[in-house]
Every structure is written in C-alpha cells, then in structure tokens.
Amino acid sequence: MTILIEKHKSLERGDTEPGLYIVATPIGNLGDITLRALQILHKSDLVACEDTRVTRRLLSHYNIKVPTTSYNDHNAKKVIPRIIKLLQSGKIVALVSDAGTPLISDPGYRLVLAAISKNIPITAAPGPVAAVAALTIAGLPTDKFLFIGFLPTKKGAKKNYLKEIKNIQATLVFYESSQRLIETLYDMTEYLGNRSAAVMREITKKFEETKRGSLKELADQFSEEGAPRGEIVIIVSSLEPIKMSDQEIDVLITKELVNNTLRDSVNIVAQSSGRARREVYKRALIISKK
Ligand code: SAM
C-alpha cells in the first residue's frame, strides 16, 4: 500500500498552496467562520458550493469576489472532472456546503475520493458542525458518541434501524427535519426505550432553543405545542444500565469480595448494576460481616 504524505506550508503567512480545501462555513450566525476559511476563500480560483445562491450570500457578506460553481450529489459525475482538471493545473479549489462542514450529511465525498486518486493535496479548514455544537450544550455524556445523521424516512426502515442501534453504548446524535420531529421522538421512545434526550433547534440563530427531558416527555411537549420550525439536532443518551434488584447485586458483591477489597467490590458492582454506590456499600457491609 502506498502511503501518501502531503506537505502543507504554514498558512499563517497568508500562503495558500494549490489544492483542494474542504472549508467549513457557519450553521447560522455568519460570525462563525474562521479567519483561515476566509483567507482560503479569498485565494480560491473556484468555490464549489452546494447551492451557489446560499454561498454567494456568505461570500458577499465578507466581500469575497471569486467564481463559484454548483457541486452536489446530482451533478457530481459531470462537475468532478472539471474540478480535477483545474486542480491538476495548480489551481486552488474550495469546497463548501450550504452550512457547516462539507461531507457531514452533505456532498463532497466523491470529490475527495477523486482528488485522492489523482494525488492532489487535500486540506481541511475545520469549523462548525451542528452535531458537535448540539453535543456541547445537550447536557449528556460526550466521552463516546455516535453520529447517526438522518434516519431513514420510511416507517419500516426507520424502525429496523432504531432496533439495530439500540444496544450501542454511546450517546447518539441525529439530524431531523422539523416536520418529522414528533413522530421520530415517539418512534425513538418505542424502539430505543424512554431515555434522556435533548432537542436543539436553530443553533446560533435568532430562535435558538434547547429542550431537555426524556424522549416521551419531549414528544408529548412538542405535540402539545405543535411541530417547531427550523433545523434540529436530537441527542439521545446511551443505553442506560438496567437497575439490578437487591438480590442480584448481593450475588455480584459476594463474588467480587472473594478477590477484592470492600471498596473495590463496591465500585465494580455500582458501575455494572446501575445502582447508587451508597446502596451497594450498605449491602456490601452486611455481606462482608456475615
Ligand atoms: N454539514 C452540516 C453540518 O456540518 O452540521 C449538516 C448539513 S445537513 C444537510 C442539515 C441538517 O443539519 C439539518 O437538517 C439539521 O438537522 C442540522 N443543522 C444544521 N444547522 C443547524 C442549526 N443551526 N441548528 C440545528 N440543527 C442544524
């Protein structure tokens, strides 16, 4: 296997080397763009955008006058050869999407593959991603998370997918349209179980809103209020450990006490049983004195 090593000179001096740049743009608030992204866009010979009208608004806000072209999943086959030709002649091409980071539930993957196959340097200019912004404010564990993006829209496929991911031990991150939100929250309650969750709407925008609660509480609240407007991320907590009964934890404690100290046994059992440490400690004390 050939390992390709790409060398990039520092961009701090204002240099932008030829190649393909994957540039993240704001998910709402136009201020959320990096200085480096602006610098790359300024220097680009071509900006490939999902929707040229959307990107033109961003470019004109920052007074950037560069040619744009539409790049999406429908025209990729036709547009990629043109972009690759430009890149091979030493030009700078930036890829942006309507919002956030290209390739994240957005077009770009095929262009990146084509550039790799032609040995063209590819550089990321990172920035906003709705999924990550939502995770940081949801109030649910962020140590391990799985980005799911959009669920299948057909009822049967959606149900099967939710059942498939049910046992994954990670916080789950979904994108969803506002019209489907209520139905999806009820489906999640049914197939994932009634877990802790958060719904983030219109992040960084004027009507930004976060609601936290169990999946069922959120579903009921939104159905009472009516479907909200705008863009939505749903964060769902990991599979919550099933709480073991007193009898079940007594068995575990007895087993752990054979090889461990009281303290270690309590910690191990509290973690695996979903029971509070002080409850486990109380029972462990009784067992250890028998
Ligand atoms: N590439 C984008 C990113 O980096 O997050 C995602 C593009 S995907 C086509 C659009 C979906 O992202 C929306 O339907 C919504 O679920 C989510 N999204 C984008 N912007 C958002 C925002 N400001 N607030 C909440 N969700 C947002």
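These numbers were taken from a predicted model, which means no experiment stands behind them.

A. The arrangement of the domain arrangement of the protein in detail. As far as domains go, the protein holds domain 1 (19-128), domain 2 (131-236) and domain 3 (246-288). Taking only C-alpha atoms, the centre of domain 1 and the centre of domain 3 are 56 Å apart.

B. View of the site of the ligand. Not every one of the 19 residues close to the ligand is listed here, only the nearest: Thr 101, Asp 106, Ala 130, Tyr 175 and Ile 232. Within the backbone of Ala 99, one N or O atom sits 3.2 Å away from a nitrogen atom of the ligand. Ile 104 is positioned with one of its backbone polar atoms (N or O) 2.9 Å from a nitrogen atom of the ligand. For the ligand, whose unbound accessible area comes to 570 Å², protein coverage reaches 91%. For the shell around the ligand, the secondary structure elements donating two or more residues are β7 (171-177) and β10 (231-236). In terms of residue count, β10 provides more of the shell around the ligand than any other element does, three residues in total. Lining the shell around the ligand are residues from two domains, each supplying at least three of them: domain 1 (19-128) and domain 2 (131-236).

C. Quick look at the sheet that holds strand β5 (residues 122-125). The strand order across the open sheet formed by five strands is β3-β2-β4-β1-β5, and the pairing between neighbours is parallel. In this open sheet, the two edge strands, each paired with only one partner strand, are β3 (68-70) and β5. Each strand axis lies, on average, 25° off the axis of its neighbour in the sheet, ignoring direction.

D. The arrangement of the sheet that holds strand β9 (residues 209-214) in detail. Read across the open sheet, the five strands follow the order β6-β7-β10-β8-β9; overall the sheet is mixed. Both edges of this open sheet fall to β6 (145-150) and β9, since each of them pairs with a single strand only. If you compare each strand with its neighbour and ignore which way they point, the axes differ by 15° on average.

E. Main features of the nonpolar core. Counting residues in each nonpolar core, the largest one holds 21 residues, and the members touching the most others are Leu 162, Phe 174, Leu 185, Met 188, Ile 234 and Val 236. Those elements giving two or more residues to this core turn out to be α6 (155-165), β7, α7 (181-192), β8 (196-201), α8 (215-225) and β10. Looking at this core element by element, the count peaks at six residues for α7. Not counting residues up to four positions away in its chain, the partners in contact with Leu 162 are Leu 151, Phe 174, Asp 187, Met 188, Tyr 191 and Leu 192. Core analysis: the second largest hydrophobic core is formed by 19 residues, Leu 87, Val 112, Ile 120 and Ile 122 among them.

F. Quick look at the environment of Thr 52. Position of Thr 52 among the secondary structure elements: in helix α2 (residues 52-61). For Thr 52 and Thr 69, which are 17 residues apart along the polypeptide, the C-alpha to C-alpha distance reads 6.5 Å. If near-sequence neighbours (up to four positions away) are discounted, Thr 52 is found in contact with Thr 68, Thr 69 and Ser 70.

G. Highlighting the pattern of salt bridges. The final tally for this structure, using the stated rule, is 14 salt bridges. For the salt bridge of Glu 231 with Lys 205, the shortest nitrogen-to-oxygen distance reads 3.1 Å. You can see Glu 231 sitting in strand β10 and its partner Lys 205 sitting in the loop between β8 and β9, a full 26 residues away along the chain.

H. Focus on unusual backbone geometry. One non-glycine residue, Asn 63, adopts positive backbone phi at about 55°. Tracing the sequence through the fold places Asn 63 in the loop between α2 and β3. When its relative accessible area of 51% is taken as the criterion, Asn 63 is described as exposed. A positive phi angle, near 50°, is found at Glu 202, a position not held by glycine.

I. Looking closely at the side chain of Thr 69. Locating Thr 69 in the fold gives a position in strand β3. A polar contact of 2.7 Å, which involves the side chain of Thr 69, links it to the side chain of Arg 82. Apart from the residues lying within four places of it in its own chain, the contact partners of Thr 69 are Leu 46, Val 47, Ala 48, Cys 49, Thr 52 and Arg 82.

J. Representation of a nonpolar patch on the surface. Taken together, Leu 103, Tyr 109, Leu 113 and Ile 116 make up a surface patch of nonpolar side chains, about 370 Å² in accessible area. By relative accessible area, which is 54% here, Tyr 109 ends up exposed.

Basis of the calculations
- Residues numbered from 1 in each chain as written.
- Predicted model: local features only at pLDDT ≥ 70, side-chain atom pairs only at ≥ 80, totals over all residues.
- Heavy atoms only, no water.
- Domains from an automatic or database assignment.
- Near = heavy atom within 4 Å.
- Polar contact = N/O pair within 3.5 Å; in protein donor to acceptor, adjacent residues only side chain to side chain.
- Areas by Shrake-Rupley, 256 points an atom, 1.4 Å probe, with all protein chains shown as cover.
- Helix = DSSP H or I, 4+ residues; strand = E, 2+ residues; numbered from the N terminus.
- Pairing = 2+ DSSP bridges.
- Axes fitted to C-alpha atoms, helices over the stretch in contact; angles between N-to-C directions.
- Core = buried A, V, L, I, M, F, W, Y, C linked by side-chain atoms within 4.5 Å.
- Buried < 20%, exposed > 50% of the residue type's maximum accessible area, 1.4 Å probe, protein only.
- Contact = heavy atoms within 4.5 Å.
- Salt bridge = Lys/Arg side-chain N within 4 Å of Asp/Glu carboxyl O.
- Patch = residues over 30% accessible without salt bridge, like charges linked within 9 Å, V, L, I, M, F, W, Y side chains within 5 Å.

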